[in-house]
Amino acid sequence: MRTATRLQILLYLTPALLLTLLFFALPLTFVGYMTFHSWDGIGPILYVGLQNITSLIHDPSFNKAFINSIIWILVGLFIHLPFALLIALILSHRPRGWRFFRNVFVLPNVISTTAVAFLWYFVFQVDIGLLNGILGAVGLGGLARPWLFDPHTALAATQAPFVLYIGFTMLIFLTQISTIPADYYEAARIDGASAWQIDWHITIPLVRPAVAINALFITGFCLRMFEYPFIMTSGGPMDATLNLSLYIYRSMVTAHAYGLSMAAGSATILLGIAVMALVFLALRRAGGRPAEA
Amino acid sequence: MRLRRLSILGLVAALTLGATAGPSPGLAAGRAAAAPIQITMMSGWPLNQARGVVLQGLVNQYNKLNAGKVKVTVDINPDWPALQQQIRTMISAGRAPDIFQYNFNPNDLSMQKSGQLLDFTPYMNAAWKARFNPHDLATLTIGGKLLSIPFEADGVGFYYNKALFKKAGIGAFPTTWDQFFRDCGRFKKVGVAAISLQTQDDAWLGTNILSYLAIGLGGPSAYFGRSLDTPTMVRAATLMKQVFACSTADAMGANYDVASNDFLLGRTAMIADGPWAIGPIEKQFKGAAQIGLAPAPTFASGAGKPGDLVTDAQSPFAAGKQSSPRKAAAIANFLEFLTSPGSVKQLTLQGKLLLSPKLQLTAGDQQGADPLLVHLISLYEQAPRRVVEMTRILKPAGEAKLPSLLQGLALGSLTPAQFVQQLQASNH
Amino acid sequence: MDRAVATGRVGWRSAQGRGTVLTALLRLLQWSALLVVLALMAVPFCWLVLSSFKSNTDFFANPFGLPQAWSLDNYITVLSGEPMLLYLLHSAVASFASTALAIAATTLAAYALQYRFRPRRGVFLLLSFGLFVPVYALMTPYYFIVNDLGLFDSVWGLALVYAGMSAPMSFLIVKTYMDSIPREILEAGRIDGASFHRIFAGIVLPLSVPGMVTAAIFLMIISWNELLFAVLLTQSDAARTVQVAIQFFLAAFHANYPEAFAAMIVAIIPTIVAYVLMSKRIVAGLTTGAVK
């Protein structure tokens, strides 16, 4: 479709470009600049070259945070996303009351992340927590443990709400599924395909754009999110649940080390871009280009 | 059709909104030398707490006294870390708040050195000076300038549940740490934990104990030396680990609320906390005859003296530098009012705070006041030495690292020696 | 049968008799899974509501039990102590305005990107990469920007920031949906002699509505629940939002959780109402479909 002048295109792009420039491009020059400087938030800004970067590389907390963020993304892409897709597929068949189910599934995402984090903080408490309470009630009391303070279980515990509450991801899948033309299903049904075959051969391939988008959103969420570790474990025990976002918060707000914080910010963005490149590569490999480019 | 019109309307409206958002009032207006002078004070005390209510009452009183000349408004943000972050950001943008409260840290003088704070020296007349402890004033004088007014300095005492002590067969609050550990076992036998601890957020309840252990062993300068990596600190860390065993299972990973409610609900027998604990205690225990307050245990052969008191950071007032001398004078005048004997008495007795300006209580005042509060005040005034809590005097990087190191100590993944080494290493 | 025809989708029932036992088993599995997930999803909301009727110590005594004494005290405190209606209004203005602005801007941009032009992919990346930026890193720059624009302590300043922050997400949702509009329709418009603007207003915009509504739902909920910048960029009651007010109940050393939960419930109700109203639009979009 070529019948559009450059001016028309520019006109339509301008508002979004302005927003992006003002709220991302511009602030990120600050982030990039501060990566090579040191600042306590009030005093003078001093040039330190690569010192921040070397500090980060040698900081075990940062390394832990980096790895944990990667784990979050992996959990998001390989547990949260398939789970959301499964639920979306089930609901797309419009079982009785599907609208009610859809709305209730979205409900936890409507509640603020803070509230959900508090809930799960109490679920995992040792003496007054729900999980240990239930385990005790069904005779599995031996399994009770300090979920949030045991380095082996802490990270998974902070990820529990993320894995479960797939409302938004599911919604995007449902919206995408709704764009599949009705006659595809007609034809398949006439040919005698089962519901499962239809899902596998028609729906799933056609939701690839939604997979791409959700992968983007999940990655973005995992990199920005910090309520779960912040409220449930404060990043502990001993940084076992620390992620990049919380690291950035701590180094800026508590340690007053803006340079270090911004360097970590740059690392986060680079990680995000790397993950997205990998995701798009994988989707391309799996056949069919994602609909965006 | 209708949808299209609505959409276009919506688009136009949205773009117009974006383009015509005007400047907000309060920003530029405040500084102009118009009468009455407007002063905005940023406070961390919400109005559902006694201290917030008392402060607002004092502000109203002051405004009435100075009607037409000065008007003080209070902007409240009870999220203290967020408030401090906001203040810092404002200072870096050259918009220091008119009046604010902050935690003074002798190892982080960035705010004072920014040049954005008001120097109170010209306003410090003899009468006002006499309200304060000379030592406090000296501490807050940086580079010859008095950039803060001493205000809040909360002492940390041991609140204990007398009923639980009786149940465990313990006669009196332990005066030595050896006794404490023995009592710990007795409490376990009756299904109660000895003490509430916290490892989350800033680990306040945990670091209180560590501070007391340290000064009990090494005296008031235990963690003020050139290095934190000393045998005293290692010994304190070793004992700290044992104290963790005297707390609840939830202590690992507890935040302040879980830990303090453990005490209120009778799951633990003691808690080392500041004066703000008194309100909830009295609400829960209805009059608090059941709750006692004691100074910390000490060591028979340590350098600490019985009654040595660990305190929270000094939380003084500071003010942004003003271009208008009238406004600067008004700010000083208001702070003088807030630190006057009448205000200090109100804030202490009704607001349940401990303040560093001198407090004069008559016998009548003492009778009418909270017994726990009066007791804490006497602990404060009779303390041989007062030492600021450890976490408040570390450099920011060390402060950020301490909670996670404490967790490592509790878990056993760090030996006491490693704990101290890493604390020292991170304190740069 | 009729249902399957009407919706054009194959229900579990019409699997062509391929092993009815298997079908029944699958159906049982499906329903059990749905019900279990339903329970798990409903827990947060139910827990918040239940806890909001307890006193603070009752809550800490037993966070998951029934209230020892059901009481409306928390709601009374929340609604009478703070000017909640004012804060709700501020949140509403910030959410609506930012969502409208972001959706408007990104829908226009998504349409522009339907056409081929030189830096097309670059523009796409530019408009979406904001998704990865950890928001804490942007605190200081945003404060300076808002301050310099004279929009500190103003709902409009907050709205502008939210619009900017959520633009990438809005852009991606709308664009993905817009991409699914068959090219033939656009071609048909062009052949009919419609101009660039006309194709947008007359064809693309109406067809993109479900995508825009989905994006609107996300954006409104996200900006409604946003806390960090609401705290940083506001100071007084003139602009305070409801999330900031909720934090008041969670103040360090004096937190009252049930009161905070009551405040959260008060804050959630408008979002639920908004969601219910808007989700009907998605359903409308689902059944009209793109192809005649």
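Residues numbered from 1 in each chain as written. Chains lettered and ligands numbered in written order. Predicted model: local features only at pLDDT ≥ 70, side-chain atom pairs only at ≥ 80, totals over all residues. Heavy atoms only, no water.

What about the overall build of chain B?
Phase 1 of the analysis: Per the secondary structure count, chain B includes 19 helices and 13 strands.
Phase 2 of the analysis: By the compact-globule yardstick of 22 Å for 428 residues, chain B fits well, its C-alpha radius of gyration being 24 Å.
Phase 3 of the analysis: Overall size of chain B, expressed as C-alpha extent along the three principal axes, is 70 × 70 × 45 Å.
Phase 4 of the analysis: For chain B, the proportion of its 428 residues judged to be buried stands at 57%. (Helix = DSSP H or I, 4+ residues; strand = E, 2+ residues; numbered from the N terminus. Rg over C-alpha atoms; globule rule 2.2 N^0.38 Å. Buried < 20%, exposed > 50% of the residue type's maximum accessible area, 1.4 Å probe, protein only.)

A closer look at the interface of chain B and chain C
Phase 1 of the analysis: The interface is formed by 41 residues belonging to chain B together with 43 residues belonging to chain C.
Phase 2 of the analysis: Counting the surface lost from both chain B and chain C, the interface buries some 3,700 Å², and carbon and sulfur atoms represent 65% of this.
Phase 3 of the analysis: Where chain B touches chain C, the interface holds zero salt bridges.
Phase 4 of the analysis: The interface formed by chain B and chain C includes 12 residue pairs in polar contact (both at pLDDT 80 or more).
Phase 5 of the analysis: When residues of the side of chain B that touches chain C are traced back to their parent elements, those giving at least two are α1 (2–20), β1 (37–43), β2 (70–76), α4 (80–92) and α12 (256–264) of chain B. (Contact = heavy atoms within 4.5 Å. Buried area = accessible area lost by both parts, 1.4 Å probe. Salt bridge = Lys/Arg side-chain N within 4 Å of Asp/Glu carboxyl O. Polar contact = N/O pair within 3.5 Å; in protein donor to acceptor, adjacent residues only side chain to side chain.)

A closer look at the packing of helix α3 (residues 60–92) of chain A against helix α8 (residues 167–177) of chain A
What describes two packed helices is the angle between their axes and the distance between those same axes.
Residues and elements named next belong to chain A.
Phase 1 of the analysis: Between α3 and α8, whose axes approach to 8 Å, the crossing angle comes to 45°. Between α3 and α8, the interaxial angle falls into the category oblique. With respect to the hand of their crossing, α3 and α8 are arranged in right-handed fashion. In contact with His 80, Leu 81, Ala 84, Leu 85, Ile 87, Ala 88, Leu 89, Leu 91 and Ser 92 of α3, α8 contributes Thr 169, Met 170, Phe 173, Leu 174 and Ile 177. (Axes fitted to C-alpha atoms, helices over the stretch in contact; angles between N-to-C directions. Parallel < 35°, antiparallel > 145°, perpendicular 65-115°, else oblique. Left-handed = near helix turned anticlockwise from the far one by under 90°.)

Observations concerning the packing of aromatic side chains
Phase 1 of the analysis: Within the structure shown, the criterion is met by 64 aromatic pairs over all chains.
Phase 2 of the analysis: Both rings, one in A:Trp120 and one in A:Tyr165, keep their centres 6.3 Å apart while their planes meet at 65°; by these two values the pair is edge-to-face. Residue A:Trp120 is located in helix α5 (residues 113–123), and its partner A:Tyr165 is located in the loop between α7 (154–164) and α8; the two are separated by 45 residues in the primary sequence.
Phase 3 of the analysis: Cluster of aromatic residues (ring-pair linked, three or more members): A:Phe118, A:Tyr121, A:Phe122, C:Trp47, C:Phe59, C:Phe60, C:Phe64, C:Tyr257 and C:Phe261.
Phase 4 of the analysis: Between the NZ or CZ atom of B:Arg386 and the centre of the ring of B:Tyr380, over which it lies, the distance is 4.1 Å. (Phe/Tyr/Trp six-rings, centres within 6.5 Å; stacked < 30°, edge-to-face > 60°. Lys NZ or Arg CZ within 6 Å of the ring centre and 35° of its normal.)

A closer look at the pattern of salt bridges
Phase 1 of the analysis: Evaluation of the coordinates by the stated rule reveals 17 salt bridges over all chains.
Phase 2 of the analysis: Note that A:Arg145 is salt-bridged to A:Asp150, the shortest N-O span being 3.5 Å.
Phase 3 of the analysis: For A:Asp150, a relative accessible area of 15% corresponds to the buried category.
Phase 4 of the analysis: The salt bridge involving B:Asp183 is made with B:Arg186; its shortest N-O contact spans 3.4 Å. Of this pair, B:Asp183 and B:Arg186 both sit in helix α9 (residues 177–189), separated by three residues, roughly a single helical turn.

Focus: the pairing of β2(B)
All names here are of chain B.
Phase 1 of the analysis: Along β2, five of the seven residues are buried, which leaves the element largely enclosed by surrounding structure.
Phase 2 of the analysis: Of the strand pairs in this sheet, β1 and β2 are connected by seven bridges, and their pairing is parallel. Across the sheet, residue Ser 43 finds its bridge partner in β2, namely Ile 76.
Phase 3 of the analysis: In the classification by handedness, the crossover that spans β1, the intervening helix α3 (residues 50–65) and the parallel β2 is right-handed. (Pairing = 2+ DSSP bridges. Right-handed = clockwise from strand over helix to strand, strands pointing away.)

Digging into the domain arrangement of chain B
Residue and element names in this part refer to chain B.
Phase 1 of the analysis: Segmenting chain B into domains produces domain 1 (8–154 + 314–360) and domain 2 (157–311 + 390–426).
Phase 2 of the analysis: The C-alpha-based centres of domain 1 and domain 2 are spaced at 33 Å.
Phase 3 of the analysis: Listed per partner, the contact involves 11 residues of domain 1 and 12 residues of domain 2.
Phase 4 of the analysis: Taking both partners together, domain 1 and domain 2 bury about 870 Å²; carbon and sulfur atoms supply 59% of that area.
Phase 5 of the analysis: When residues of domain 1 are sorted by the area they lose upon contact with domain 2, Asn 107, Asp 154 and Lys 352 head the list and together hold 54% of the total. (Domains from an automatic or database assignment.)

Considering the side chain of C:Arg240
Phase 1 of the analysis: Mapping C:Arg240 onto the fold places it in the loop between α11 (228–233) and α12 (242–248).
Phase 2 of the analysis: Judged by relative accessible area, which is 5%, C:Arg240 ranks as buried.
Phase 3 of the analysis: Of note is the side chain of C:Arg240, whose polar atom sits 2.9 Å from the backbone oxygen of C:Gln235.
Phase 4 of the analysis: Setting aside its immediate chain neighbours within four residues, C:Arg240 contacts B:Ile76, C:Tyr87, C:His90, C:Thr234, C:Gln235 and C:Phe248.

What to know about the sheet that holds β1(B)
Residue and element names in this part refer to chain B.
Phase 1 of the analysis: One open sheet accounts for five strands, arranged β2-β1-β3-β12-β6; its pairing is mixed. A strand with exactly one partner marks an edge of an open sheet, and here the two such strands are β2 and β6 (149–152). Strand-to-strand twist in this sheet, taken as the mean axis angle between neighbours without regard to direction, amounts to 25°.
Phase 2 of the analysis: Of the strand pairs in this sheet, β6 and strand β12 (residues 315–319) are connected by two bridges, and their pairing is antiparallel. In the sheet register, Ile 149 faces β12, and the bridge partner there is Phe 317.
Phase 3 of the analysis: Contacts from helix α14 (residues 325–338) reach β1, β2, β3 (99–101), β6 and β12, with the element oriented near 50° to β1.

Here we look at the pairing of strand β7 (residues 155–161) of chain B
Residue and element names in this part refer to chain B.
Phase 1 of the analysis: With seven of seven residues buried, β7 lies mostly within the body of the structure.
Phase 2 of the analysis: The side-chain alternation of β7 yields two buried faces, one formed by Gly 155, Gly 157, Tyr 159 and Asn 161 and the other by Val 156, Phe 158 and Tyr 160.
Phase 3 of the analysis: Bridge count for β7 against strand β11 (residues 309–311) is two bridges, and the pairing is antiparallel. Along β11, the bridge assignment pairs Val 156 with Val 310.
Phase 4 of the analysis: Of the pairings in the sheet, the one linking β7 to strand β9 (residues 268–273) comprises four bridges and is antiparallel in character. Looking at β9, one finds that Tyr 159 is bridged to Ile 271.
Phase 5 of the analysis: By the bridge criterion, four bridges tie β7 to strand β10 (residues 291–294) in an arrangement that is antiparallel.

Examining a nonpolar patch on the surface
Residues and elements named next belong to chain A.
Phase 1 of the analysis: A cluster of nonpolar side chains, contributed by Phe 36, Tyr 47, Leu 50, Ile 53 and Ile 57, occupies part of the molecular surface with about 520 Å² of accessible area.
Phase 2 of the analysis: Tracing the chain through its elements places Leu 50 in the loop between β2 (46–47) and α2 (51–58).
Phase 3 of the analysis: Judged by relative accessible area, Leu 50 falls into the exposed class, the value being 56%. (Patch = residues over 30% accessible without salt bridge, like charges linked within 9 Å, V, L, I, M, F, W, Y side chains within 5 Å. Areas by Shrake-Rupley, 256 points an atom, 1.4 Å probe, with all protein chains shown as cover.)

Considering helix α18 (residues 396–411) of chain B
Residues and elements named next belong to chain B.
Phase 1 of the analysis: Across its 16 residues, α18 extends 24 Å between first and last C-alpha, which sits within 8% of the 22 Å expected from 1.5 Å per residue.
Phase 2 of the analysis: For α18, the principal kink sits at Leu 402 and spans about 35°; a proline, Pro 403, occurs within the next four residues.
Phase 3 of the analysis: Among the 16 residues of α18, 13 are classified as buried, and the element is accordingly described as predominantly covered. (Expected span 1.5 Å × (residues − 1). Bend = angle between axes of the 7 residues up to and from the residue.)

Thoughts on the environment of C:Ile265
Residue and element names in this part refer to chain C.
Phase 1 of the analysis: As for its placement among the helices and strands, Ile 265 is situated in helix α13 (residues 257–288).
Phase 2 of the analysis: A relative accessible area of 7% places Ile 265 in the buried class.
Phase 3 of the analysis: The spatial distance from the C-alpha of Ile 265 to the C-alpha of Val 49 is 6.9 Å, given a sequence separation of 216 residues.
Phase 4 of the analysis: Apart from residues no more than four positions distant in its own chain, Ile 265 is found in contact with Phe 45, Leu 48, Val 49 and Tyr 75.

Quick look at the interface of chain A and chain C
Phase 1 of the analysis: Each partner contributes to the interface: chain A provides 101 residues, whereas chain C provides 103 residues.
Phase 2 of the analysis: Between chain A and chain C, the buried area comes to about 10,000 Å², and carbon and sulfur atoms account for 76% of it.
Phase 3 of the analysis: At the junction of chain A and chain C, the tally comes to zero salt bridges.
Phase 4 of the analysis: Broken down by element, the residue count for the side of chain A that touches chain C peaks at 19 residues, all from helix α1 (residues 6–35) of chain A.
Phase 5 of the analysis: Grouping the amino acids of the side of chain A that touches chain C by side-chain chemistry returns 71 nonpolar, 20 polar and 10 charged. (Nonpolar A, V, L, I, M, F, W, Y, C, P; charged D, E, K, R; others polar.)

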